[in-house]
Amino acid sequence: MRDFTDDHSALALNTATLGHNLDGFGAGWSPEQVVDACAERGYGGIVFWTREIGERAVSIGERVRASGMEVTGLCRTPFLTGSQAGADDAVRASIDMAAGLGTTVLTIVTGGTEPDTKGLLDSQKRLAERIAAVADYAADRSVSLAIEPLNPMFGGNRTCVMTVRDALNVCNMVGAGNVGIAVDVYHVWWDTALPESLQAAKGLVLGYHLCDWLEETSDMLLDRGMMGDGVADLKALRAAVEDTGYRGLCEVEIFSAENWWKRPPETVLDTIVERFRTVC
Ligand code: ZN
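What you see is a predicted model, and the numbers here were worked out from it, not measured in a lab.

Student: Please give an account of the coordination of the zinc ion that cites residues and values.
Tutor: Every protein donor of the zinc ion is listed here as Glu148 (OE), Asp184 (OD), His209 (ND1) and Glu253 (OE), and their distances to the metal cover 2.0 to 2.2 Å. Classification of the site at the zinc ion rests on its four donor atoms, whose angles at the metal span 81 to 160°, yielding the label irregular. Here the donor residues of the zinc ion share one chain and are spaced in sequence as E-x35-D-x24-H-x43-E. Remark: Glu253 occurs in the loop between strand 8 (250-252) and helix 10 (265-279) and His209 occurs in strand 7 (residues 205-210); sequence separation between them is 44 residues. Given the relative accessible area of 1%, His209 is considered buried. The exposure class assigned to Glu253 is buried, which follows from its relative accessible area of 3%.

Next comes the structure, spelled out in structure tokens:
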């Protein structure tokens, strides 16, 4: 397992951590401000959200690289399943944006269960069909698609993939070389079968997302903890992820409307560096 004690070059910021991707939250920093503040602190990369990029993917990507970092990923495709599923054109547009940014990883939050179905299997089959329909388009643009399992509490309207095992099954159904899995502490920390599932997914992990699960969580979506403030076994989780061969960046993704989003971004970024070196 990599030693981050004196080296945080594997640290990436997911910009959701600064809050500005939701209306009314965060300090409202521009992508350029985020890039400069992360570069100053020695971050290795940044993960953006589509809404903050607009038509400027190429120039923002260039600025990140000129600052000595990489664009580690883009969040995310429209939903692919469920009643709020997006059109194929919108999915391809998110792939184009990832390519414009110069990142190789586009995250998929799947969307919920398909209308008029029960359980998950029909929806996972539909998900595999939709991913298969765009996998070549993404591969032609050097973009990989990372299926992110969500905590089962998001089942129904946001996800039909709740475990790494589910995500692996969908990867196998798709059968494309550029489709893999994103592992997020918030979504998998509870899963005691995770090490076995990850062993079966060697070489397929495309991203690792850091935060913590607070013992007392006040909001399912917007009360994630800073690493070290909660009950997730962060070192064990990273060990299991790295046992698959994963050596990519670790992105910090903290939705925290009542705590971290209210603090100055500089404080948040400094705290992340300190926690990354000590508890992750
Ligand atoms: Zn995530």
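Next, the rest of the story.
Student: Hey, could you go over the packing of helix 5 (residues 121-140) against helix 6 (residues 164-174) for me, with residue numbers and the actual values?
Tutor: Viewed as axis vectors pointing N to C, helix 5 and helix 6 meet at an angle of 50°, and their least axial separation amounts to 9 Å. Between helix 5 and helix 6, the crossing angle belongs to the class labelled oblique. In this structure, the crossing between helix 5 and helix 6 has a hand that is right-handed. In this structure, helix 5 uses Gln124, Lys125, Leu127, Ala128, Ile131 and Ala132 to contact helix 6, whose residues at the interface are Asp166, Val170, Met173 and Val174. Taken together, the residues of the contact of helix 5 with helix 6 break down into seven nonpolar, one polar and two charged.

Student: Outline the pattern of salt bridges, listing residues and values.
Tutor: Taken as a whole and judged by the stated rule, the model has 18 salt bridges. Note that Arg41 is salt-bridged to Glu40, the shortest N-O span being 3.8 Å. The buried category is assigned to Arg41, whose relative accessible area is 18%. Taking the shortest distance from any N to any O, the salt bridge between Asp270 and Arg41 comes out at 2.6 Å. Taken as a pair, Asp270 in helix 10 and Arg41 in the loop between helix 1 (31-40) and strand 2 (45-49) lie far apart in primary sequence, 229 residues in all. A relative accessible area of 42% places Asp270 in the partly exposed class. What emerges from the salt-bridge pattern is a single network uniting Glu114, Lys125, Arg126 and Glu129.

Student: For unusual backbone geometry, give the residues involved together with the corresponding values.
Tutor: In the segment running from Cys75 into Arg76, the intervening peptide bond is cis, with an omega of -5°. For Arg76, the location among the structural elements is in the loop between strand 3 (70-75) and helix 4 (88-101). A positive phi angle, close to 60°, is found at Ser142, a residue other than glycine. When you line up the elements, Ser142 lands in the loop between helix 5 and strand 5 (144-147).

Student: Residue-level account of the pairing of strand 5, with values.
Tutor: Of the two faces of strand 5, the one holding Ser144 and Ala146 and the one holding Leu145 and Ile147 are both buried throughout. Two strands pair when backbone bridges link them, and strand 4 (residues 105-108) and strand 5 are joined in this way by four bridges, in the parallel orientation. The residue of strand 5 that forms the bridge with Leu106 is Leu145. Traced from strand 4 through helix 5 to strand 5, the parallel crossover comes out right-handed. As paired elements, strand 5 and strand 6 (residues 179-184) share three bridges and run parallel to each other. Counted as the bridge partner of Ile147 is Ile181 from strand 6. At this point the chain moves from strand 5, through helix 6, to the parallel strand 6, and the crossover so formed is right-handed.

Conventions used here
- Residues numbered from 1 in each chain as written.
- Predicted model: local features only at pLDDT ≥ 70, side-chain atom pairs only at ≥ 80, totals over all residues.
- Heavy atoms only, no water.
- Donors = N, O, S within 2.8 Å, 3.2 Å for Na, K, Ca; no water.
- Tetrahedral: all angles 85-135°; square planar, octahedral: opposite > 155°, others 65-115°.
- Helix = DSSP H or I, 4+ residues; strand = E, 2+ residues; numbered from the N terminus.
- Buried < 20%, exposed > 50% of the residue type's maximum accessible area, 1.4 Å probe, protein only.
- Axes fitted to C-alpha atoms, helices over the stretch in contact; angles between N-to-C directions.
- Parallel < 35°, antiparallel > 145°, perpendicular 65-115°, else oblique.
- Left-handed = near helix turned anticlockwise from the far one by under 90°.
- Contact = heavy atoms within 4.5 Å.
- Nonpolar A, V, L, I, M, F, W, Y, C, P; charged D, E, K, R; others polar.
- Salt bridge = Lys/Arg side-chain N within 4 Å of Asp/Glu carboxyl O.
- Pairing = 2+ DSSP bridges.
- Right-handed = clockwise from strand over helix to strand, strands pointing away.

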